[in-house]
Number of protein chains: 2
Amino acid sequence: MREQASWPLDDRGAAYGDGLFETILLRDGRPLLWDEHLARLARGCHVLGIPMPAEHDLALPLAEAGSGLEVLKLTLTRGSGGRGYRPPATPEPRLRWQLASFTPAESRWRKGVRIRHCRLRLACQPVLAGIKHLNRLENVLARAEWDDDAIAEGVLSDDSGRLIEATAMNLYWLRAGRLETPSLARCGVAGTLREALISRGEIQEVEAGEEALVQADAVWLGNSVQGVWPVVRLDDVMGRALRRWTLGRQHRSFQAEAHGLLGYDYPSTY
Amino acid sequence: MREQASWPLDDRGAAYGDGLFETILLRDGRPLLWDEHLARLARGCHVLGIPMPAEHDLALPLAEAGSGLEVLKLTLTRGSGGRGYRPPATPEPRLRWQLASFTPAESRWRKGVRIRHCRLRLACQPVLAGIKHLNRLENVLARAEWDDDAIAEGVLSDDSGRLIEATAMNLYWLRAGRLETPSLARCGVAGTLREALISRGEIQEVEAGEEALVQADAVWLGNSVQGVWPVVRLDDVMGRALRRWTLGRQHRSFQAEAHGLLGYDYPSTY
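On a predicted model such as this, the values are computed, not experimentally measured, just so you know.

**Student:** Is there a simple way to explain the interface of chain B and chain A in this structure?
**Tutor:** The accessible area lost on association of the parts is a frequent measure of interface size. Between chain B and chain A, the residue contacts involve 50 residues of the former and 50 residues of the latter. Approximately 4000 Å² of surface area, both sides summed, lies buried where chain B meets chain A, with 62% of it carried by carbon and sulfur atoms. Three residues stand out in chain B for area buried against chain A, namely Leu9, Tyr85 and Leu137 of chain B, and they jointly supply 22% of the buried area on that side. In this structure, the connection of chain B to chain A is made through 2 salt bridges. A salt bridge links Arg86 of chain B to Asp149 of chain A; the shortest N-O distance between them is 3.0 Å. Of all elements in the fold, only helix H1 (12-16), helix H2 (34-48), strand E5 (94-101), strand E6 (113-122) and helix H5 (137-143) of chain B reach the threshold of two or more residues within the side of chain B that touches chain A. At 6 residues, the largest contribution of residues to the side of chain B that touches chain A is made by H5 of chain B.

Below, the structure is given as C-alpha cells:
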C-alpha cells in the first residue's frame, strides 16, 4: 500500500468526520466511473460547503498507480481551523490518498452471496443523504452485527422500515419485470455504479419495505469496486432464511450490464 | 497548545468517525466533572464496542497541564485495521490528546446571550444518542448556518420538531416553576454538566416542542467548559426575535448551582 502522510491532530475530518471520500477502481492506472466519482464528490462539497479541489489535484495519485487492478481511496476534509464545530471562514481543504492492489471476489460474482437484515436502522437525514461523507458509524455498527464469513453483506432499512442499501453496497432487485433500487432521498450513499446504471434509464428508484426483497425474482448488491453480487439467500437478523434464489439468466444480464461499466468479466460462462 | 502526534492515515476515527471524544475543563491541572467524563466515555465505548482505556492512561495528559484554566480534549478511536467498515476482531484503540489554555466568556455569564433556531433538524438514531462520538457533521452544518458573532448559539430540534440541544451546549428552561431539559433518548449529546445537574434531582427530562422556549420564564445554555449562559433573546431562522427575557434572580440561582460544579464565579454580583 502506498499512501500520503498522516492527518494532523486538529484536522476536522479526524475531529468531526468533516469531510468526504471516494473509493475508485483503477485498471492499469485508469480510473473507472471517474466522472461519477467526481460528480458525487462535487455534490458532497456543495452540501458541506467545502471547496471542490481541482480535477488535476484529484488525479495526481493516478500517476503513482501500477498495472492491473488497484483501489484508490481519496479523502477530502475541511482541513484545520475554525472554532469548535464552527467551520473556518475560508477553509483550506486537505486531500489525502491511499492506493492498494485489488482482487475482486470473483466467486461471489459466480456463485452469488448470502445476506442478512441488520438490526440497526438508518436515521433519516435528508441533508446528508446520498453523499459519501466521513460520518459512517452507522455502517460500522451495522457491519459489526455479524462475523460469519458465510454472510457477505447486511441489508439496512431506515427507521420507518424502508429498504435503503447494504453496509457498503447498493441494493437492486427485479420485481414484476421491473429493475428497482431504493430511493436515497432520506439516507444512504448513492454509489457511482448505481448512478451510472440509473442514468442508462433501466432502473427505477422506489420506496419499498422489506417485503419487496422476499417478493423479488432476483436480488443483487453492487458497488463500483466489487462489481455485482447476485443474492442466493436472505436471512433475518436471527440467521433464519427468509428466501432463497436460484441463479438464472435474469441475474446474469443485469450483472453483465454493470460489469461492462467496470471492465469486469461477464460471468455467464461460469 | 500542546498535543500528541498525528493520526495515521488508516485510523478509523479519521476514516469513519469511528471513535469518541471528551472536552474537559482543568483548573490548575485538576479535571472538573472527571467522573462524569469517564462515565460518558465508558458508555460510548460500550455502544461502539471499543475497549475502555485504563483510567491512568486517560489521566496521563493531566501531568502536562499547567496552572490556571485549560481545556483537555481526549480523542479515542478504534485504531487501525478491520476491512472497510468491518471493525477488527481485537481492536487496538488509539488515544490522543490536546491541551490548550482557556478563558471562559464571562460577559456571556453576566449579560446573557442571543440565540437562534437552526434550520437543520437532527436525525433520530437512538443507538448513538447521548454519547459523544466523532460523527458530528450535523453540529458542523448547524453551526455554519450563521456567522453573526452577536448570536452565540443555535437551537437544534429533531425531525419531529422536538427540542434537543444547542450545537455545542445543552438546553435548560424554567416553565411553570419547573426546571426542564430535553430528553436525549433519540439524538443529541448528554453533556457532563447536564448529567451532574440531573443527578442532583432538580431537573426534569422532558419531550417538548419549540413552544416550550417561548413559554419559558428563563432559558439557559450550558456545558462543562463554558459554564451557563442565560438567554436574553431567541430568534427564528430568519433572525426575527421570537422572545426576549430580562435577566433576574431565577437566572442567577440556576447559574450559581451549575457554576459551583465547575468552580466558576457566581455572577450575582454583576
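**Student:** What should I look at first to understand the pairing of strand E14 (residues 241-244) of chain B in this one?
**Tutor:** Two faces belong to every sheet, and in a regular strand the side chains alternate between them. Sheet topology note: the strand E13 (residues 227-235) of chain B/E14 of chain B ladder contains 3 bridges and is antiparallel. By the bridge assignment for E14 of chain B, Asp235 of chain B is matched with Ala241 of chain B.

**Student:** Would you mind going over the nonpolar core with me for this structure?
**Tutor:** The nonpolar side chains of a soluble globular protein tend to be buried, and buried together. Ranked by size, the top nonpolar core spans 43 residues in total, and within it Leu171, Trp173, Leu213, Val219, Trp220 and Phe254 of chain B carry the most contacts. When residues of this core are assigned to domains, at least three fall in each of domain 1 (2-101) and domain 2 (106-264) of chain B. Core analysis: the next-biggest nonpolar cluster, separate from the first, contains 42 residues, Leu25, Val155, Leu221 and Ala258 of chain A among them.

**Student:** What exactly am I supposed to notice about H2 of chain B here?
**Tutor:** Note: α-helices contain 3.6 residues per turn, so residues at a spacing of three or four share the same orientation. Taking 1.5 Å per residue as the helical rise, H2 of chain B with its 15 residues ought to reach 21 Å, and the 21 Å between its terminal C-alpha atoms agrees with that figure. Residues of H2 of chain B that are buried include every one of Trp34, His37, Leu38, Arg40, Leu41, Gly44, Cys45 and Leu48 of chain B, and no others. Here the buried residues of H2 of chain B occupy an arc of 165° about the axis, which is enough to place them on one side. Those residues of H2 of chain B that are exposed and aimed more than 90 degrees away from the buried face are Asp35 and His46 of chain B. For H2 of chain B, the elements touching its buried residues are helix H5 (137-143) of chain A together with strand E2 (19-27), strand E3 (30-31), helix H3 (55-58), strand E4 (69-77) and helix H6 (192-199) of chain B. Just beyond H2 of chain B, the residue with positive phi is Gly49 of chain B, at close to 75°.

**Student:** I keep staring at the relation of the copies chain B and chain A and nothing clicks. Help me out?
**Tutor:** Two copies of a chain can be linked by a rotation about an axis combined with a shift along that same axis. Laying chain B over chain A is done by rotating through 180° and shifting 0.0 Å along the axis; what remains is an RMSD of 0.0 Å. Given the turn and translation reported, the copies of this chain are related as if by a two-fold rotation axis. In terms of C-alpha distance to the rotation axis, chain B has Ala14 of chain B as its closest residue, with the C-alpha 2.0 Å off the axis. Of the interface residues in chain B, 100% have counterparts in chain A that sit at the interface too, so the contact is made through matching surfaces.

**Student:** Got a minute to help me understand the side chain of Arg143 of chain A in this structure?
**Tutor:** Within the secondary structure, Arg143 of chain A is located in helix H5. Salt bridges are absent for the buried Arg143 of chain A, whose nearest opposite-charge side chain, Asp149 of chain A, sits at 5.1 Å.

**Student:** What am I meant to see in the environment of Thr103 of chain B here?
**Tutor:** On the secondary structure map, Thr103 of chain B appears in the loop between E5 and helix H4 (106-111). Linking Thr103 of chain B and Glu70 of chain B, residues 33 residues apart in sequence, is a C-alpha distance of 8.0 Å.

**Student:** Explain the packing of helix H2 (residues 34-48) of chain A against helix H6 (residues 192-199) of chain A here, please?
**Tutor:** The relative placement of two packed helices comes down to the angle between their axes together with the axis-to-axis distance. All names here are of chain A. One can describe the packing of H2 onto H6 by two numbers: an axis separation of 9 Å at closest approach and a directional angle of 110°. Looking at the two axes, H2 sits roughly perpendicular to H6. Side by side, H2 and H6 meet where Glu36, His37, Arg40 and Arg43 of the first sit next to Thr192, Glu195 and Ala196 of the second. Classifying every residue of the contact of H2 with H6 by side-chain character gives 1 nonpolar, 2 polar and 4 charged.

**Student:** Looking at this model, I keep getting lost on the pattern of salt bridges. Mind explaining?
**Tutor:** Where charged atoms of side chains with opposite charge meet at close range, the side chains can pair. Taken as a whole and assessed by the stated rule, the structure comprises 34 salt bridges over all chains. In this structure, Arg194 of chain A engages Glu205 of chain A in a salt bridge whose closest nitrogen and oxygen atoms are separated by 2.8 Å. Of the two residues, Arg194 of chain A is situated in helix H6 and Glu205 of chain A in strand E11 (residues 203-206); the sequence distance between them amounts to 11 residues. Note that Glu210 of chain B and Arg121 of chain B form a salt bridge whose closest N and O atoms lie 3.7 Å from each other. Here Glu210 of chain B, found in the loop between strand E11 (203-206) and helix H7 (211-215), pairs with Arg121 of chain B, found in strand E6; they are 89 residues apart in sequence, far enough to count as distant. Residue classification places Glu210 of chain B among the partly exposed residues on the basis of a relative accessible area of 28%.

Cut-off values and rules
Residues numbered from 1 in each chain as written. Chains lettered and ligands numbered in written order. Predicted model: local features only at pLDDT ≥ 70, side-chain atom pairs only at ≥ 80, totals over all residues. Heavy atoms only, no water. Contact = heavy atoms within 4.5 Å. Buried area = accessible area lost by both parts, 1.4 Å probe. Salt bridge = Lys/Arg side-chain N within 4 Å of Asp/Glu carboxyl O. Helix = DSSP H or I, 4+ residues; strand = E, 2+ residues; numbered from the N terminus. Pairing = 2+ DSSP bridges. Core = buried A, V, L, I, M, F, W, Y, C linked by side-chain atoms within 4.5 Å. Buried < 20%, exposed > 50% of the residue type's maximum accessible area, 1.4 Å probe, protein only. Domains from an automatic or database assignment. Expected span 1.5 Å × (residues − 1). Arc of directions from axis to C-beta. Least-squares fit on C-alpha atoms with pLDDT ≥ 70 in both. Lys, Arg positive; Asp, Glu negative; His and termini not counted. Axes fitted to C-alpha atoms, helices over the stretch in contact; angles between N-to-C directions. Parallel < 35°, antiparallel > 145°, perpendicular 65-115°, else oblique. Nonpolar A, V, L, I, M, F, W, Y, C, P; charged D, E, K, R; others polar.

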